[in-house]
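Chain and residue survey
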Amino acid sequence: MSHTSGIRQAQKQKTRQALLDAALRLLEEQSLSSLGLREVTRAVGVAPAAFYRHFRDTADLGVALVDEALGSLHGTIRTTLAATGDSDERIAATVELIAALVREYPAHVRFIARERHGGVARVREAIGAQLDRFAQEVADELAQHPGSEAWERDDLLMLAGLYVDHMVMTASAFLATPPPDWNRVARTARRRLRLVSLGRRHWLD
């Protein structure tokens, strides 16, 4: 790659990221279905035509935001959720991970929580595919645990799906709660995980 083309590619990537960042800021106050590409390009300071060099439409931009929000978390989520067991330490660590994600990436978490059941089909499908992938990966991890040999694959997927759904539900609860009251949200989340753990221990009885 020549020096000139390298600079051009870097500038293109910079503009693409600026469009994603601007869209995420605008989506703090509205849903993706109501977002116009002109709003996004105006916020970045580029012509509307520049948008189409990076995304086909706002749904395409939304899918890219889903990848940005969830794509890099697979290793962390897989190992943390699969490690959730009977010990208070593991349960507390899982809830703290969720709280940390909300603290560090509130706009991304809010976008996922809102658009998971939002009006843009391609984005709903992208979020569903990412969450299904989390469940598959957590189930794979759970299958390696002692005592899981007798579990059916469908049952492992059901358990993994409970963990993933709990993660999303808890993240949404943190978002909807003022930080001074987060201890209450965390306590409820830990109690729910203990209930799942009780069911996990006795599922094969």
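A short tour of the structure in this document, coming up.

Conventions we followed
- Residues numbered from 1 in each chain as written.
- Predicted model: local features only at pLDDT ≥ 70, side-chain atom pairs only at ≥ 80, totals over all residues.
- Heavy atoms only, no water.
- Axes fitted to C-alpha atoms, helices over the stretch in contact; angles between N-to-C directions.
- Helix = DSSP H or I, 4+ residues; strand = E, 2+ residues; numbered from the N terminus.
- Parallel < 35°, antiparallel > 145°, perpendicular 65-115°, else oblique.
- Left-handed = near helix turned anticlockwise from the far one by under 90°.
- Contact = heavy atoms within 4.5 Å.
- Nonpolar A, V, L, I, M, F, W, Y, C, P; charged D, E, K, R; others polar.
- 1 Å grid on protein atoms, 1.4 Å probe; cavity = no way out; pocket = protein on both sides within 12 Å on 5 of 7 lines; lining within 4 Å.
- Points joined across faces, edges and corners; volume = space filled by probe spheres on them.
- Phe/Tyr/Trp six-rings, centres within 6.5 Å; stacked < 30°, edge-to-face > 60°.
- Buried < 20%, exposed > 50% of the residue type's maximum accessible area, 1.4 Å probe, protein only.
- Expected span 1.5 Å × (residues − 1).

A few points about the packing of helix α6 (residues 88-104) against helix α10 (residues 182-202)
Between α6 and α10, the least distance of the axes is 9 Å, while the angle of their chain directions is 135 degrees. What the angle tells us is that α6 and α10 run oblique. Two packed elements cross with a definite hand, and for α6 against α10 that hand is right-handed. Here D88, I91, A92, T94, V95, A99, V102 and R103 of α6 come into contact with α10, specifically with W182, A186, A189, R190, L193, R194 and S197. Here the contact of α6 with α10 is built from residues that sort into nine nonpolar, two polar and four charged.

Details of the layout of surface pockets
Taken as a whole, the largest pocket encloses approximately 290 Å³ of empty space. Lining the largest pocket are 19 residues; nearest its centre among them are A69, L70, L73, L101 and V109. Split by residue class, the lining of the largest pocket holds 15 nonpolar, three polar and one charged.

Looking at the packing of aromatic side chains
Evaluated as defined, the whole model comprises three aromatic pairs. When the ring of F51 is compared with that of Y52, the centres are 5.7 Å apart and the planes differ by 80 degrees; the resulting orientation is edge-to-face. Of the residues examined, F51 reaches a relative accessible area of 0% and is grouped as buried. Centroid distance F51 to F55: 5.6 Å. Interplanar angle 50 degrees. Geometry classified as tilted. As far as burial versus exposure is concerned, F51 and F55 are alike and both buried. Connected via pairs of aromatic rings, a cluster forms that spans F51, Y52 and F55.

Concerning α10
Between its first and last C-alpha atoms α10 spans 31 Å; for 21 residues at 1.5 Å apiece the expected length is 30 Å, and the two agree. The secondary structure elements touched by the buried residues of α10 are α5 (74-83), α6, α8 (121-142) and α9 (153-175).

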